[in-house]
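Structural description and commentary
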Amino acid sequence: MTSEQWSAAVRLLWGPPAKPARGPKRGLTLEGIALAGVGIADAEGLGGVSMQRVAAELAVTKMALYRYVPGKAELVALMVEAALPDPAGLDAGLAAAAAAGAASAGGGWREQLGVWARGLYEGFRAHPWLLEATVGARVMGPRELGWMERALAALDGCGLSGTEAMDSVVLVAGHVRGIAEQERAMAGGAGGTGGAGGEGPDAQLVVMLGEVLRARGDEYPALAAVLGSVAEQGGQDQALLYGLERILDGLGLLVERRGR
């Protein structure tokens, strides 16, 4: 983003409701504009979104749209804010997780981060283009900061430094993003969330490599043995939860060390 785009995005996301810069058109709202963009991105990916496409979706001219939103960078910022699940929707689950953790003398941070990570994953599954739109230097809106706030609040009182807490959240989010991105790639489309028959990436890998390994498994004995075991035991598609548990295990050791 340029400095002008940055300032415009701040105004749109954090300022009072915007009024059109000029002209008589009064039928548009920032929410309606953002939702039109979200609908296009859900169907075609972020590359399908343009000011012209959104204007056509809203049955207005592109110039009418520019009276509300100065360009695509600001439009995408509004779309991210509209598409992210409301973090307040996590609060009941976070409270229950905190209570369960407190009852087990764990403090609840682990359970809360689990709720947070699964919620973030579902958000990416619902709108896969968010994976592309939520990277790099950009202005974050109230919802995105609300997600960050809740993750950091879960770690409050764990004895971590500010840097350690932030890096821990980034680590968990990075794992969620990686699994969601892999799933998106395996789906083969801008808006897909699964492969043929709805399989996740682990199951698809077993299917795709099965024929090769049946013919040449003796060249890759460790891989053949592992995938054979996975297929027999039905343990596919646990990468999200397995990785999350291992990350939380490691974080738990750090929390324990800080508490000594």
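Here the structure is shown first, and the text comes after it.
The rules behind each value
Residues numbered from 1 in each chain as written. Predicted model: local features only at pLDDT ≥ 70, side-chain atom pairs only at ≥ 80, totals over all residues. Heavy atoms only, no water. Helix = DSSP H or I, 4+ residues; strand = E, 2+ residues; numbered from the N terminus. Buried < 20%, exposed > 50% of the residue type's maximum accessible area, 1.4 Å probe, protein only. Contact = heavy atoms within 4.5 Å. Areas by Shrake-Rupley, 256 points an atom, 1.4 Å probe, with all protein chains shown as cover. Core = buried A, V, L, I, M, F, W, Y, C linked by side-chain atoms within 4.5 Å. 1 Å grid on protein atoms, 1.4 Å probe; cavity = no way out; pocket = protein on both sides within 12 Å on 5 of 7 lines; lining within 4 Å. Points joined across faces, edges and corners; volume = space filled by probe spheres on them. Nonpolar A, V, L, I, M, F, W, Y, C, P; charged D, E, K, R; others polar. Salt bridge = Lys/Arg side-chain N within 4 Å of Asp/Glu carboxyl O. Patch = residues over 30% accessible without salt bridge, like charges linked within 9 Å, V, L, I, M, F, W, Y side chains within 5 Å. Expected span 1.5 Å × (residues − 1).

This paragraph deals with the overall build of the protein. Broken down by element type, the protein carries 13 helices and 0 strands. Taken from the N to the C terminus, the helices and strands of the protein come in the order α-α-α-α-α-α-α-α-α-α-α-α-α. Taking all 260 residues of the protein together, 40% fall into the buried category. Taking as baseline every contact in the protein between residues at least 6 positions apart, the subset at least 24 positions apart corresponds to 70%. Total accessible area on the protein stands at roughly 13500 Å², and carbon and sulfur atoms take up 57% of it.

The next subject is the nonpolar core. Across soluble globular proteins, you tend to see nonpolar side chains buried next to one another. Residues Val69, Trp116, Trp129 and Leu155 are the most contacted members of the largest nonpolar core, which totals 65 residues. Sort the elements by how many residues they give to this core and helix H7 (residues 109-126) lands first, with 8 residues. Apart from the residues lying within four places of it in its own chain, the contact partners of Leu155 are Trp109, Leu113, Leu160, Ala165, Ser168, Val169 and Leu251.

It is worth spelling out the layout of surface pockets at this point. Space inside the largest pocket adds up to approximately 350 Å³. Lining the largest pocket are 16 residues, with Trp116, Leu120, Glu144, Met148 and Ala173 sitting closest to its centre. Looking at the lining of the largest pocket, the elements with two or more residues in it are H7, helix H9 (142-154) and helix H10 (162-187). Of the residues forming the lining of the largest pocket, the biggest block, 6 residues, is contributed by H10. For the lining of the largest pocket, the per-class residue count stands at 11 nonpolar, 2 polar and 3 charged.

Let's shift gears to the pattern of salt bridges. Summed over the entire model, instances satisfying the criterion amount to 11 salt bridges. Here Arg150 ties to Asp91 by a salt bridge, and the two come within 2.8 Å at their closest N and O atoms. With Arg150 in helix H9 and Asp91 in helix H6 (residues 91-103), the pair connects residues that are 59 residues apart, well separated along the chain. Between Arg110 and Asp249 there is a salt bridge, with the nearest N and O atoms lying 2.7 Å from each other. With Arg110 in helix H7 and Asp249 in helix H13 (residues 239-258), this pair connects stretches of sequence that are 139 residues apart. Taking relative accessible area as the criterion, Arg110 reaches 24% and is therefore assigned partly exposed. Under the relative-accessibility criterion, Asp249 is labelled partly exposed at 31%. Overlapping salt bridges bring together Arg110, Glu245, Arg246 and Asp249 as one network.

Looking now at a nonpolar patch on the surface. Side chains of Met1, Trp6, Val10, Trp14 and Leu145 sit close together on the surface and give an oily, nonpolar patch of about 450 Å² of accessible area. Considering each element in turn, the nonpolar patch owes the most residues, 3 residues, to helix H1 (residues 3-14). Among the structural elements, Met1 can be located in the segment before H1.

Turning next to helix H5 (residues 72-83). Look at H5: 16 Å from first C-alpha to last across 12 residues, which is about the 16 Å you get at 1.5 Å a residue. Burial of H5 is extensive: 9 of the 12 residues sit out of reach of the surface. All of the buried residues along H5 are Glu74, Leu75, Val76, Ala77, Leu78, Met79, Val80, Glu81 and Ala83. Looking at the buried residues of H5, the elements they touch are H1, helix H2 (30-44), helix H3 (51-57), helix H8 (130-133) and H9.

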